[in-house]
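# Understanding the architecture of this molecule
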Amino acid sequence: MTSSALAEHIETVALVDHHVHGCLLRPIERRRFENLLNEANVEPLADFDTAFDTQLGFAMRAHCAPLLGLPRHSDADAYWRARSALSEDDLARRFLSSANVSDWLVDTGFAAGVADLDAMAGLSVGRVHEIVRLESVAEQAVQASGDYTAAFTEILHERAATTVATKSILAYRGGFIGDLSEPAPGEVAAAAARWRDSGEPRLTDRVLLRFGLHEALRLGKPLQFHVGFGDRDCDLHTTNPLYLADFLRRTGDVPIMLLHCYPYEREAGYLAQAFNNVYLDGGLAINYLGARSSQFIGRLLEMAPFRKILYSSDGFGPAELHYLGARLWRSGIREVLHGFVDADEWSEADAIRVVDLIARDNARRVYSLD
Amino acid sequence: MTSSALAEHIETVALVDHHVHGCLLRPIERRRFENLLNEANVEPLADFDTAFDTQLGFAMRAHCAPLLGLPRHSDADAYWRARSALSEDDLARRFLSSANVSDWLVDTGFAAGVADLDAMAGLSVGRVHEIVRLESVAEQAVQASGDYTAAFTEILHERAATTVATKSILAYRGGFIGDLSEPAPGEVAAAAARWRDSGEPRLTDRVLLRFGLHEALRLGKPLQFHVGFGDRDCDLHTTNPLYLADFLRRTGDVPIMLLHCYPYEREAGYLAQAFNNVYLDGGLAINYLGARSSQFIGRLLEMAPFRKILYSSDGFGPAELHYLGARLWRSGIREVLHGFVDADEWSEADAIRVVDLIARDNARRVYSLD
Amino acid sequence: MTSSALAEHIETVALVDHHVHGCLLRPIERRRFENLLNEANVEPLADFDTAFDTQLGFAMRAHCAPLLGLPRHSDADAYWRARSALSEDDLARRFLSSANVSDWLVDTGFAAGVADLDAMAGLSVGRVHEIVRLESVAEQAVQASGDYTAAFTEILHERAATTVATKSILAYRGGFIGDLSEPAPGEVAAAAARWRDSGEPRLTDRVLLRFGLHEALRLGKPLQFHVGFGDRDCDLHTTNPLYLADFLRRTGDVPIMLLHCYPYEREAGYLAQAFNNVYLDGGLAINYLGARSSQFIGRLLEMAPFRKILYSSDGFGPAELHYLGARLWRSGIREVLHGFVDADEWSEADAIRVVDLIARDNARRVYSLD
């Protein structure tokens, strides 16, 4: 299999990682490192547990160990020792360059302890673009004096001048169920006043969340949504993208990017077929599924038209994640597409064309990267 | 694999397509043709997109191109040219006869621009039977003068004399969530009066939808439900068949046929195990999944007893769909069942027996076709 | 494949079956036997149907027939004759010993017509431990005189002295949707009084169900939940374990065991990653999926950390189920893990280690079996 033109193309194509975060800048403790390998848990891992005994942990030992000069499947302690012997900067250059990514689209909305845009660009591992998080804009706007709406739109437009997309974490701020129509100006002003009075730094008010989404639509740049799998601050069942259907009916031509989607990837694929402006990726689920990620990648290739599917790693923190997302995506799509080609359901030429669409061309078109 | 008795039987068994629509009668434009290859979208496809770059498009180029004298995987333009060189009548005969279907059960409820029963019968590609759509009966009844209930039951019984089943598109008219009990006569009369006054041609009133379902149950013929995947006029999450559970508890012995079911095929399989009178198929999802359809067919073979699973294409419009449903079902079930037999989990004789149940025998029994 | 160290280890490792019921004690009629092979239906099977024509039926004929001296895939009548020639006691010893289970954790909450703890122990097929069902405790407490709360806690603590876990069938008594917080003492007393007055033997009152759960948490022993697939008395959509998220946030360190989980095994896996104290198994779904169970076992190995996954058969009644659960789990996990190892995604040593965790070590740790 590995000697085919398809397999070779998959190995060498440069990717656009259309949703990612900064990598670590400074060494961290092992327990903290392990917790960064568990997406869903928001507490320290239990004493009896270890993030190395998961699909992600096994995948890291299989694929990242060789980049540290270790044999494949080296054990957790050996892996940790080898990793600890290198600086985070060295690790970042090593892993990110091995990902073979031409463009990193970086969500800077949550960036505690990780590289900012300049630091990412400084690694010289590909072009860096910014994605602006709507809830961060709101949390800045509420700190400003004067009219909230004016402050929000001013900050958004200022940021938008240098960013390629917006992003919403509505999934973590109440989920998708319920009215997502544009609120009236009076409602926005009242909600903003209540929020300011509360002193709460985090945006959870539904009116203002809706306001932000519709301002983003007005801006016209692609709007990314965290969908499905994430930490337990979200109630997973409220992040089923089908609950976005009414909202999507009002989004016109603005590209809506459904990120991660697990375990709702088939629902997301249906939406990508149903709406000309809806797209999806497998995002961080690919890393977390490890040896099981090819089945997931297969499900991403069901109802969604091939011009509506993208690649992302959603890497955050350990630089392994920025690499592993690409590594597992390459292996997974190779397995899936080779299956189609070997069964003569697809031609090899078509398979190569679909690889290019998902790896880079769809992202370049949607984000106008060239 | 292909030389086994099982594989040969799967290739040659004549199918009952227990839910299908008419095929095209007149040539259409390419954009319209492509839109007919997208089930979920109700708008023209975006300029950057093409229905040829989907699983269905690839499957059509793989399996239908040879029937047009083209090599497998011919490109979209070549395919379109070859198709355009033939009359729709010629295309219909070619594709429908190649499907090797003995009986077509035709839903005539939505038939704009496609063959009616006589035209389907005139193709001489198998026996033709009618399925009457409950919402169409209602939409006729509301046009009649006098008592709505009397008009509905009169039309239903008149139609039923020559039809093998009823069909409901409740999925598109509000979905399955909520009370589906039989409404009182006074409620029905009041709702019918409101509907008549409104002048709205389409039935969306919940009381009258419920009324129609219970009249269908009284009739005793199999009642088909559109379930899951369809166009975006339905909110997909409201078409999860689990929401039908209370209704199913009141359906007695009347066969209830759950159609398509994606992405709720496992839930539908559970219902087929839980209720003696519940059945399922994979319907149009098989066409839309193309090279991924074998995994879906595998999931149809989970909780549902083998005497409760049927075949349908749900072909509508392009005659390719009437053929491709059969072609992909044959390939998919061959892959799934050969897997079971090769692992010695099933005997080959059992596998052949299950093929016959799904391909024709369950449908013949349920619809009393012989 | 079968000659590998991994395959050999999987075949020979002794299992902990952490959730099971008694096996049959007395011969039963064939129709009753077949109905015991259908989990979801609560009515007699339809005349046209047979439980032998299901995945479970085929798996039984493949794997249990040889233990009765028959060829693999013997037909239903031959199987029934051979089975009928043996006593239930003989069948139980034969099948349960062949399961190679070191410890059976027996839910005694529903035990009509099946072996009790002493009878299970008398078979000498492994150690026997008890799981106490919370709803049974409640149904005893309501029969006692005096204060319901006092009676419940007294019975629970008395039973708990000799049991390894508690179990809730909340799934069958209204499902997981809604408030699951601890009710106030006054609410409990009022609800208990209402229940006593009603004369209804079965607990369905939501306040008392919630009360029972929180008493179980206070006890500190692992708390098992029936999740997903079961008989149609539950509305399957209300048993999605994601609806337990708020409850789980209040369960501290008490192990919460999600049983069966089909078709919500991916959601359960997410919860096992999100909460240090949440575990899952595939339970009775493995038996019912037969030749399809390896795909299900694969999905159990997605988001859940490997120290949070357990084995159970949930066998109830026919002794075949106690054996078949183990047989299918061994075959299924062999197929899944060999796939990982053959692709060099996992090392064989890691795969063997994960087998031990799931087969026995996680259960031993959680239930303090040693």
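Criteria and thresholds
- Residues numbered from 1 in each chain as written.
- Chains lettered and ligands numbered in written order.
- Predicted model: local features only at pLDDT ≥ 70, side-chain atom pairs only at ≥ 80, totals over all residues.
- Heavy atoms only, no water.
- Helix = DSSP H or I, 4+ residues; strand = E, 2+ residues; numbered from the N terminus.
- Rg over C-alpha atoms; globule rule 2.2 N^0.38 Å.
- Buried < 20%, exposed > 50% of the residue type's maximum accessible area, 1.4 Å probe, protein only.
- Contact = heavy atoms within 4.5 Å.
- Areas by Shrake-Rupley, 256 points an atom, 1.4 Å probe, with all protein chains shown as cover.
- Lys, Arg positive; Asp, Glu negative; His and termini not counted.
- Charge placed at Lys NZ, Arg CZ, Asp CG, Glu CD.
- pLDDT = per-residue confidence, 0-100.
- Phe/Tyr/Trp six-rings, centres within 6.5 Å; stacked < 30°, edge-to-face > 60°.
- Lys NZ or Arg CZ within 6 Å of the ring centre and 35° of its normal.
- Buried area = accessible area lost by both parts, 1.4 Å probe.
- Salt bridge = Lys/Arg side-chain N within 4 Å of Asp/Glu carboxyl O.
- Polar contact = N/O pair within 3.5 Å; in protein donor to acceptor, adjacent residues only side chain to side chain.
- Nonpolar A, V, L, I, M, F, W, Y, C, P; charged D, E, K, R; others polar.
- Pairing = 2+ DSSP bridges.
- Axes fitted to C-alpha atoms, helices over the stretch in contact; angles between N-to-C directions.
- Least-squares fit on C-alpha atoms with pLDDT ≥ 70 in both.
- Parallel < 35°, antiparallel > 145°, perpendicular 65-115°, else oblique.
- Left-handed = near helix turned anticlockwise from the far one by under 90°.
- Disulfide = S-S within 2.5 Å.

Looking only at helices and strands, one finds 16 helices and eight strands in chain A. In summary, chain A has a C-alpha radius of gyration of 20 Å against a globular reference of 21 Å for 370 residues, a match within 12%. Referenced to the eigenvectors of the C-alpha coordinate spread, the extents of chain A come out at roughly 60 × 50 × 40 Å. For chain A, the residues scored as buried account for 66% of the 370 residues in total. Within chain A, residue pairs in contact and separated by at least 24 positions form 75% of the contacts whose partners lie at least 6 positions apart. For chain A, the exposed surface amounts to about 11,900 Å²; the carbon and sulfur share of it is 49%. With 37 positive and 52 negative side-chain charges, chain A shows a spacing of 1 Å between the two charge centroids.

Attention now moves to the confidence of the model for chain A. The predicted coordinates ought not to be read in detail in places where the model reports low pLDDT. Chain-level statistics for chain A give a pLDDT mean of 96 and a share of 99% at 70 or above. Interface predicted TM-score (ipTM) for the complex: 0.97; the corresponding pTM is 0.98.

Attention now goes to the packing of aromatic side chains. Tallied over the full model, the rule gives 63 aromatic pairs over all chains. Ring geometry for Phe33 of chain A versus Phe52 of chain A: centroids 6.5 Å apart, planes at 40°, classification tilted. One end of the pair, Phe33 of chain A, is in helix H2 (residues 30-35); the other, Phe52 of chain A, is in the loop between H2 and helix H3 (55-63), and 19 residues separate them in sequence. A single burial state applies to Phe33 of chain A and to Phe52 of chain A, both of which are buried. Where Trp346 of chain A meets Phe58 of chain B, the ring centres are 4.6 Å apart and the plane angle is 75°; that geometry is what we call edge-to-face. Placement of the pair is Trp346 of chain A in the loop between helix H15 (319-342) and helix H16 (348-367) and Phe58 of chain B in helix H3 (residues 55-63), with the two residues belonging to separate chains. Grouping aromatic residues by their ring pairs yields a cluster made of Phe229, Tyr262, Tyr288 and Phe296 of chain A together with Tyr270 of chain C. The ring of Tyr279 of chain A has Lys308 of chain A sitting right over it, with the charged end atom 5.5 Å from the ring centre.

It is worth spelling out the interface of chain A and chain C at this point. In this complex, chain A contributes 40 residues to the contact, which on the side of chain C involves 33 residues. Carbon and sulfur atoms make up 50% of the surface buried where chain A meets chain C, a total of about 3,300 Å² over both sides. Between the two partners, chain A and chain C, sit seven salt bridges. The partner of Asp235 of chain A in a salt bridge is Arg249 of chain C, with the nearest N and O atoms 3.2 Å apart. Joining chain A to chain C, the criterion identifies 24 residue pairs in polar contact (both at pLDDT 80 or more). Of all the elements, H3 of chain A adds the most residues to the side of chain A that touches chain C, at five residues. The class makeup of the residues in the side of chain A that touches chain C is 19 nonpolar, nine polar and twelve charged.

This brings us to the sheet that holds strand E2 (residues 101-107) of chain A. Residues and elements named next belong to chain A. Pairing is parallel across the open sheet formed by eight strands, whose spatial order is E1-E2-E3-E4-E5-E6-E7-E8. Edge positions in the open sheet fall to strand E1 (15-20) and strand E8 (309-310), since each of these has one partner strand only. Where strand E5 (residues 223-227) and strand E6 (residues 256-260) come together, five bridges link them in parallel fashion. Note that in E6 the partner of Val227 across the bridge is His260.

Looking now at unusual backbone geometry. Backbone phi values are negative for most residues with the exception of glycine, while trans is the configuration of most peptide bonds. With an omega dihedral of 0°, the bond running from Tyr262 of chain A to Pro263 of chain A counts as a cis peptide bond. The residue Pro263 of chain A is located in the loop between E6 and helix H12 (265-274) in this model. Here the phi dihedral of His73 of chain B falls at roughly 70°; this positive angle occurs in a residue that is not glycine. The buried category is assigned to His73 of chain B, whose relative accessible area is 16%. Within the chain, Asn100 of chain B stands out as a residue other than glycine whose phi angle is a positive 50°. The residue Asn100 of chain B is located in the loop between helix H5 (88-98) and strand E2 (101-107) in this model.

Turning to the sheet that holds strand E2 (residues 101-107) of chain C, a few remarks are in order. All names here are of chain C. The seven strands are arranged E1-E2-E3-E4-E5-E6-E7 in an open sheet whose pairing can be described as parallel. Because the sheet does not close on itself, it has two edges, and the strands there are strand E1 (15-20) and strand E7 (278-280). Between one strand axis and the next, the sheet turns by 25° as a mean value, whatever way the strands run. Lying over the sheet, helix H10 (residues 206-219) contacts strand E4 (163-168), strand E5 (223-227) and strand E6 (256-260), oriented at roughly 140° with respect to E5.

The interface is formed by 39 residues belonging to chain B together with 33 residues belonging to chain A. Surface buried jointly by chain B and chain A totals about 3,300 Å² across both partners, of which 50% is contributed by carbon and sulfur atoms. Counting across the interface, chain B meets chain A through seven salt bridges. There are 24 residue pairs in polar contact (both at pLDDT 80 or more) connecting chain B and chain A. Taken together, the elements giving at least two residues each to the side of chain B that touches chain A come down to H3 and helix H13 (283-289) of chain B. Here the element with the most residues in the side of chain B that touches chain A is H3 of chain B; it accounts for five residues. Here the residues of the side of chain B that touches chain A are counted per class, giving 18 nonpolar, nine polar and twelve charged.

In this section: the relation of the copies chain A and chain C. The transformation that overlays chain A on chain C combines an axial shift of 0.0 Å with a rotation of 120°, and the residual RMSD is 0.0 Å. Classification of the inter-copy transformation places it as that of a three-fold axis. Minimal C-alpha distance to the rotation axis in chain A is attained by Gln295 of chain A, lying at 5.8 Å. With a heterologous cut-off of 20% or less, the 2% of interface residues of chain A that recur at the interface of chain C puts this contact in the heterologous class.

Turning to the packing of helix H1 (residues 5-12) of chain C against helix H15 (residues 319-342) of chain C, a few remarks are in order. Residue and element names in this part refer to chain C. Running from N to C, H1 and H15 cross one another at 160°; their axes reach a closest spacing of 10 Å. Here H1 lies roughly antiparallel to H15, going by the angle between them. Viewed along their axes, H1 and H15 form a crossing whose handedness is right-handed. Packed against H1, whose contacting residues are Leu6, Ala7, Ile10, Glu11 and Thr12, the element H15 presents Arg327, Arg330, Ile333, Arg334, Leu337, His338 and Val341 at the interface. Of the residues belonging to the contact of H1 with H15, the class tally is six nonpolar, two polar and four charged.

A few words on the state of the cysteines. Simply put, the disulfide is a covalent bond whose two ends are the sulfur atoms of two cysteines. All names here are of chain A. Applying the stated criterion to the full structure yields zero disulfides over all chains. Its sulfur unpaired, Cys64 is 13 Å from the next cysteine sulfur, which belongs to Cys23. We note that Cys234 lacks a disulfide partner, and the nearest cysteine sulfur, in Cys261, lies 13 Å from it. When its relative accessible area of 2% is taken as the criterion, Cys234 is described as buried.

In this section: the pattern of salt bridges. Applying the stated criterion across every chain yields a total of 96 salt bridges over all chains. A salt bridge links Asp107 of chain A to Lys167 of chain A; the nearest nitrogen and oxygen atoms lie 2.8 Å apart. Highlighted residues: Asp107 of chain A in strand E2 and Lys167 of chain A in strand E4 (residues 163-168), separated in sequence by 60 residues. With respect to burial, Asp107 of chain A and Lys167 of chain A carry one shared label: buried. Of the charged contacts, one joins Asp350 of chain B and Arg61 of chain C as a salt bridge, the two residues approaching to 2.7 Å between their closest N and O atoms. With Asp350 of chain B in helix H16 (residues 348-367) and Arg61 of chain C in helix H3 (residues 55-63), this pair bridges two chains.

On to the side chain of Glu320 of chain C. All names here are of chain C. Relative to the assigned elements, Glu320 resides in helix H15. When its relative accessible area of 0% is taken as the criterion, Glu320 is described as buried. Beyond its immediate chain neighbours, meaning those up to four positions away, Glu320 contacts Phe33, Met60, Cys64, Tyr79, Arg83 and Phe95.

Bringing the environment of Asp281 of chain B into the picture now. All names here are of chain B. Mapped onto the fold, Asp281 is located in strand E7 (residues 278-281). Among the residues examined, Asp281 registers a relative accessible area of 0% and is labelled buried. For the pair Asp281 and Leu259, spaced 22 residues apart in sequence, the C-alpha to C-alpha distance is 5.3 Å. Leave out the neighbours within four places in its chain, and Asp281 touches His18, Leu258, Leu259, His260, Cys261, Leu300, Leu310 and Ser312. Only 2.6 Å separates the side chain of Asp281 from the side chain of His18, close enough to count as a polar contact.

Turning next to the environment of Ser136 of chain A. Residue and element names in this part refer to chain A. By secondary structure assignment, the location of Ser136 is in helix H7 (residues 134-141). We classify Ser136 as buried; its relative accessible area is 18%. The spatial distance from the C-alpha of Ser136 to the C-alpha of Leu259 is 18 Å, given a sequence separation of 123 residues.

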